[in-house]
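# Fold and geometry: a report
For reference, the chains in residue letters:
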Amino acid sequence: MAASVITVLFLFSCLLQSASTDHQIKEIKVHHGQTVTLPCKAPNNINIASVEWIRSNLDRYVYLKEDGRLMTADQDPSYVNRVQLRDDEMKNGELSLILKNVNNNDEGAYECRYEERGSWETGDQIKLIVLDAGELQRLQQITAHRGQTVTLPCRDPNYVIITAVQWVRSNLDRYVYLKTDGHMVTADQDPSYVNRVQLRDDEMKNGDLSLILKNVKSRDEGKYECRYEERGSWKRGDQIKLTVILDAGDLLRQPIKVHHGQTVTLSCRAPSNVPIAAVEWIRSNLQRHVYLKEDGYLNTANQDPSYVNRVQLRDDEMKNGELSLILRNVNSNDEGTYECRYLEMGEGCWETGDRIKLIVLNVRDGDAEDGKHSGRDDLSVIVPDLYMHGHLGVILPVTLIVSGLVGFVIYKKLKGR
């Protein structure tokens, strides 16, 4: 009696083990954009009336075929025209599913089920993993110049009803853009994007979720991602890496050389189509600013004393983004790297403009080493402005005439000897 009980228990455990091994979850890894086959096989000696593929985190089915007909009434829209059986006649129990153009949203646990004589049986289970390399393929590189308008592309490949779309940037806590149920949400939008972003197609027809970003700034650089909601489930769309190209005026220019006592213009220009609330000039080796103008008023509270009454804007009204600075009576202590910064109306972040390295040449003609003026006439130099049209104007003293007269006097004295 005991032996028979042990035999029954042994056979029962074998059946359990067989059942568990038959439906072990198989792991399949695939790259974005590839075609993958999810294997499933029923016993080859039975007649199959229906076959269904489902995914664990979806309410609707992936694939369903009943009585020889494909059923699409309740199929998940993301799989329409992307799935088919490897053998449409299901000969020898072949129920494997072909999935085309794999994307990150396809990742999950799949299960094959089939119907035989009114009873549904569970077939193979597959865990599909979409490799990260696929994401890298979708990371698009876009470049734009400061001040331009750029479009960040994104499209839902399934063209289904989208209830919400969101754009985020990897290094920001707040979102760039959010629209839900037809309304734009700005409650937690990053302030730097307010009134600068909009969808290319506000109705999102044909799955177009592309974002237009106006008046690109250097601080807009980064990695953007599009996300969208369809049927209560959020999905990841395209990823964009935006690089803001520095124009000629944004680069550290060739060192500007100027003589002691001259007047020099340090050139800087902001985009001409934006109102400027404040402009500041700083020098790398100073703790205080060189020049600061805010809301139309000159701020001297924290100005470096050495620049008091020696600096002014070339255009006090800053028309067309003209932020160039005039520095009078240059001395050796003025040497260093200067940087122009400006704040646009309604913005909370400063934009970096031009950087200029100023070199004061060796003192000559009896000038003191401490940079004090010797009493000769003031010299003026207009530094090139890359944004201005026309030739450069350079005002020089009548040095050649004076030198000629001195030479003539020396010549007469030598001849008189």
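Nothing here was measured: the structure is a model prediction, and the numbers come from that model. (Residues numbered from 1 in each chain as written. Predicted model: local features only at pLDDT ≥ 70, side-chain atom pairs only at ≥ 80, totals over all residues. Heavy atoms only, no water.)

## Quick look at the confidence of the model for the chain
Scored by pLDDT, the chain has a mean of 79; 76% of the residues are at 70 or more. Low pLDDT (under 50) marks residues 133-137, which in the prediction has seven contacts with non-local residues, meaning those over four places away or in another chain. A low-confidence stretch, residues 365-400 stays under pLDDT 50, and its non-local contacts, those more than four residues away or across chains, total 60 contacts. (pLDDT = per-residue confidence, 0-100. Contact = heavy atoms within 4.5 Å.)

## With respect to unusual backbone geometry
Of note, the phi angle at Asn 195 is positive, near 65°, even though the residue is not glycine. You can see Asn 195 is positioned in the loop between strand E14 (183-184) and strand E15 (197-199). By relative accessible area, which is 69% here, Asn 195 ends up exposed. Of note in this structure, Asp 295 is not a glycine but carries a positive phi near 50°. By the element assignment, Asp 295 lies in the loop between strand E22 (291-294) and strand E23 (297-298). Residue Asp 295 is classed as exposed on the basis of its relative accessible area of 59%. (Helix = DSSP H or I, 4+ residues; strand = E, 2+ residues; numbered from the N terminus. Buried < 20%, exposed > 50% of the residue type's maximum accessible area, 1.4 Å probe, protein only.)

## Re the pairing of E22
Here strand E21 (residues 276-283) pairs with E22 via four bridges, running antiparallel. Residue pairing for E22: Glu 280 is matched across the bridge by Leu 292. Sheet analysis places E22 next to E23, joined by two bridges and oriented antiparallel. Residue Glu 294 lies in a different strand from E23, and its bridge partner there is Tyr 297. Where E22 folds back onto E23 in an antiparallel hairpin, the turn is made up of two residues, including Asp 295, whose phi is positive at roughly 50°. (Pairing = 2+ DSSP bridges.)

## Points about the state of the cysteines
If you walk through the whole model with that rule in mind, you get three disulfides. Put simply, Cys 40 and Cys 112 are joined by a disulfide, and their sulfur atoms are 2.2 Å apart. Note on the Cys 40 and Cys 112 pair: the S-S dihedral is about -70°, so by sign convention the disulfide is left-handed. Placement of the pair is Cys 40 in the loop between strand E2 (36-38) and strand E3 (50-55) and Cys 112 in strand E8 (residues 108-116), with a sequence separation of 72 residues. Exposure class is identical for Cys 40 and Cys 112. Each is buried. (Disulfide = S-S within 2.5 Å.)

## What to know about the sheet that holds strand E12 (residues 164-169)
Strand order in this open sheet of six strands is E10-E18-E17-E12-E13-E14, and the pairing throughout is mixed. Where the open sheet ends on each side, the last strands, each with one partner, are strand E10 (139-145) and E14. Looking at chain direction, strand E13 (residues 177-180) and E14 are connected through two bridges and run antiparallel. Bridge assignment links Lys 179 to a residue of E14, and that residue is Met 184.

## Things to note about the sheet that holds strand E7 (residues 97-99)
The strands that make up a sheet pair up through hydrogen bonds in the backbone, lying either parallel or antiparallel. Strand order across the open sheet formed by three strands is E2-E7-E6, with antiparallel pairing between neighbours. Each having just a single partner strand, E2 and strand E6 (83-85) make up the two edges of the open sheet. Adjacent strand axes in the sheet meet at a mean angle of 25° when their direction is disregarded. In this structure, E6 lies alongside E7, joined through three bridges in antiparallel fashion. Paired with Gln 84 across the bridge in E7 is Ile 98. (Axes fitted to C-alpha atoms, helices over the stretch in contact; angles between N-to-C directions.)

## So, the pattern of salt bridges
Scanning all chains against the criterion turns up 25 salt bridges. The network of salt bridges with shared partners includes Asp 87, Glu 89 and Lys 91. (Salt bridge = Lys/Arg side-chain N within 4 Å of Asp/Glu carboxyl O.)

## As for the packing of aromatic side chains
Evaluation of the coordinates by the stated rule reveals three aromatic pairs. Relative to Tyr 224, the ring of Tyr 193 lies with its centre 6.4 Å away and its plane at 90°, an arrangement referred to as edge-to-face. Placement of the pair is Tyr 193 in the loop between E14 and E15 and Tyr 224 in strand E17 (residues 222-230), with a sequence separation of 31 residues. Owing to a relative accessible area of 1%, Tyr 224 belongs among the buried residues under this scheme. An angle of 90° between the planes, with centres 6.4 Å apart, marks the rings of Tyr 307 and Tyr 338 as edge-to-face. Remark: Tyr 338 occurs in strand E26 (residues 336-344) and Tyr 307 occurs in the loop between E23 and strand E24 (311-313); sequence separation between them is 31 residues. (Phe/Tyr/Trp six-rings, centres within 6.5 Å; stacked < 30°, edge-to-face > 60°.)

## Considerations on the pairing of strand E20 (residues 262-266)
Among the five residues that make up E20, five are buried, leaving the element largely enclosed by the rest of the structure. Residues Gln 262, Val 264 and Leu 266 of E20 are buried on one face, and the alternating residues Thr 263 and Thr 265, pointing to the opposite face, are buried as well. In the sheet, E20 pairs with strand E25 (residues 325-327) via three bridges, with the strands oriented antiparallel. Within the sheet, the bridge partner assigned to Val 264 lies in E25 and is Leu 327.

## Details of the environment of Asp 188
Take Asp 188: it is sitting in the loop between E14 and E15. Spatially, the C-alpha atom of Asp 188 lies 6.8 Å from that of Tyr 175, the residues being 13 residues apart in sequence. Asp 188 has contacts with Arg 174 and Tyr 175, leaving out every residue within four places of it along the chain.

## Comments concerning the side chain of Glu 230
Its location among the elements puts Glu 230 in strand E17. Among the polar contacts made by the side chain of Glu 230, one reaches the side chain of Lys 235 at a distance of 2.9 Å. (Polar contact = N/O pair within 3.5 Å; in protein donor to acceptor, adjacent residues only side chain to side chain.)

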